[in-house]
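# Coordinates in review
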Amino acid sequence: MYQYKRSSELFDASKKYIPGGVNSPVRAFNSVGGTPVFFEKASGSVMTDVDGNDYIDYIGSWGPMILGHAHRPIIDAIKIAVDHSTSFGAPTELEYKIAELISSMAPNVDMVRMVNSGTEACMSAIRVARGYTKRDKFIKFVGCYHGHSDSFLIKAGSGASTFGEPNSPGVTAGTAKDTLTAEYNDLDGVKRLIEDNPNEIAAIIIEPVAGNMGCVLPNMDFLKGIRQLCTDHGILLIFDEVMTGFRLAPGGAQEFLGIDADLVTYGKVIGGGMPVGAYGGRREIMEIVSPVGPVYQAGTLSGNPIAMTAGYTLLRELNDNPNIYQELSKKTVYLKEGLEKVLSESGFSYRINSIGSMISIFFTDVDVVDFNSAATANNDKFPQFFHEMLKRGIYLPPSSFESYFLSNSLTYEQLDKTINACRESLDAMK
Ligand code: KE4
């Protein structure tokens, strides 16, 4: 039987020095209740907590661990790099090599700038779009999360929506006025915003596959529609691929869905678990970024050699072995079919959305296509399910507004264990 004695002790101790005892809100288990599990180590698809309990991991550090934790080639490469200093604050050959590799993998990315988080990537992309178009406003979608920069905390998804404070204190009215919001998959809503704000909108930023309201798929006519609207109105289409980049395909959602973006933001996989974000796009746009152009953006640790080593090692393996994506997709389909079977026999209302190696279970009887439908699943069923799975050694994201991420280190035996744990958990919930 799982016990969380040491996690509880550490949680109590941490709350004295860290707000909520965590360095990112979703980790506090506010949405599911109970004590967050503190971890000590992980390898492949198994994480071990401070009480010695093992879990099959479906968070993967929120996306980076696409080939599993402590992936040996990454660890070995970092061990070599770290002996040559942990930071130079000056250009290195590796930064050129990873930029060249990203440009070869991602469509429409002639140039890329490294930053240190997905938030930094998205806020920088908005600034570039504003500088390039000389317009102030941008459109985002309710339930999409682009990091915690002020202009995004307007009906944000992910932690903010779970947190119940869609408009975070500290965001000024002056900032909020330039952020327009539409419903995901609602093309008419976007058209109305463009008509109501003629020649004022610099960008539309979107998660091409949403992961911050749970996994929500785009209607392809919607996605093609906003692409066309952007082209017609001189608006830059920004794909926030912090989750989908290098996960759905080597070329991310642009390749997987066949839609061209004007700017793309990255995070998570690109750093192999180290703090890395990036934004990139066509040369004509990216050359307005300092020091070539006037749009300023900078970072002490941007392109950090250890982070670049981890990211480059991972991206090179993904690029050299595209069969990984088929293997990941097969495992995700296998898991989804297994979960469908046990959920369909459980008597509980549910939906499962999945694409590539992203998947989410929603305890609702409506199709989940946007934030409002996702919110119908934010009920007492998910917390019960989460904890029943946790004590059976399955570690899911602690919120119904999150996508699960599969890693290619998952075995079919672990997938079967997950499906069986789901069956037992649903039985225990009756
Ligand atoms: P970071 O600043 O957390 O590296 O990236 C922000 C971000 C931007 N865009 C998308 C699509 C994202 O999913 C994220 C961050 N994702 C969350 C998971 N929902 C990170 C987990 C957390 O906030 O602790």
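Residues numbered from 1 in each chain as written. Predicted model: local features only at pLDDT ≥ 70, side-chain atom pairs only at ≥ 80, totals over all residues. Heavy atoms only, no water.

The subject of this paragraph is the packing of aromatic side chains. Aromatic ring pairs are defined here through the distance separating the ring centres and the angle between the ring planes. According to the stated counting rule, one finds 15 aromatic pairs in the structure shown. Taking 5.6 Å as the distance between ring centres and 75 degrees as the angle between the ring planes, the aromatic pair formed by F138 and F152 counts as edge-to-face. Here F138, found in strand β5 (residues 137-142), pairs with F152, found in the loop between β5 and α5 (158-163); they are 14 residues apart in sequence, far enough to count as distant. By the burial criterion, F138 is buried, and F152 matches it. Ring geometry for F371 and F401: centres 5.2 Å apart, planes at 20 degrees, overall stacked. Here F401 lies in the loop between β13 (394-395) and β14 (404-405) and F371 lies in helix α13 (residues 371-375), a separation of 30 residues in the sequence. Note on F401: relative accessible area 2%, which makes it buried. Connected via pairs of aromatic rings, a cluster forms that spans F29, F382 and F386. (Phe/Tyr/Trp six-rings, centres within 6.5 Å; stacked < 30°, edge-to-face > 60°. Helix = DSSP H or I, 4+ residues; strand = E, 2+ residues; numbered from the N terminus. Buried < 20%, exposed > 50% of the residue type's maximum accessible area, 1.4 Å probe, protein only.)

With that out of the way, let us pick up the site of the ligand. In the vicinity of the ligand there are 17 residues, among which S24, T119, N212, D240 and E402 approach most closely. Between the ligand and the protein, one listed contact pairs an oxygen atom with a backbone N or O atom of G118 at 3.0 Å. Within the side chain of N212, a nitrogen or oxygen atom sits 2.4 Å from a nitrogen atom of the ligand. In isolation the ligand exposes 540 Å². Once the protein is present, 87% of that is buried. The site holding the ligand turns out to be the largest pocket. Grouping the constituent residues of the shell around the ligand by class yields five nonpolar, eight polar and four charged. In this structure, the shell around the ligand is formed jointly by two domains, domain 1 (5-70 + 322-429) and domain 2 (72-320), each of which donates at least three residues. (Near = heavy atom within 4 Å. Polar contact = N/O pair within 3.5 Å; in protein donor to acceptor, adjacent residues only side chain to side chain. Areas by Shrake-Rupley, 256 points an atom, 1.4 Å probe, with all protein chains shown as cover. 1 Å grid on protein atoms, 1.4 Å probe; cavity = no way out; pocket = protein on both sides within 12 Å on 5 of 7 lines; lining within 4 Å. Sits in = over half its atoms within 2 Å of the grid points. Nonpolar A, V, L, I, M, F, W, Y, C, P; charged D, E, K, R; others polar. Domains from an automatic or database assignment.)

Burial analysis of strand β8 (residues 236-240) places five of its five residues in the buried class, which makes it a mostly covered element. Examined bridge by bridge, strand β7 (residues 201-206) and β8 share four bridges and lie parallel to one another. Within β8, the position partnered with I205 by the bridge is I238. (Pairing = 2+ DSSP bridges.)

Okay, the domain arrangement of the protein chain next. Here the domain parsing of the protein chain yields domain 1 (5-70 + 322-429) and domain 2 (72-320). When each unit is reduced to the centre of its C-alpha atoms, the spacing between domain 1 and domain 2 is 25 Å. Residue-level contacts link 35 residues of domain 1 with 39 residues of domain 2. Of the roughly 3000 Å² buried between domain 1 and domain 2 on both sides combined, carbon and sulfur atoms contribute 67%. Per-residue buried area on domain 1 facing domain 2 is highest for Y325, I355 and F371; these three make up 22% of the total on that side. (Contact = heavy atoms within 4.5 Å. Buried area = accessible area lost by both parts, 1.4 Å probe.)

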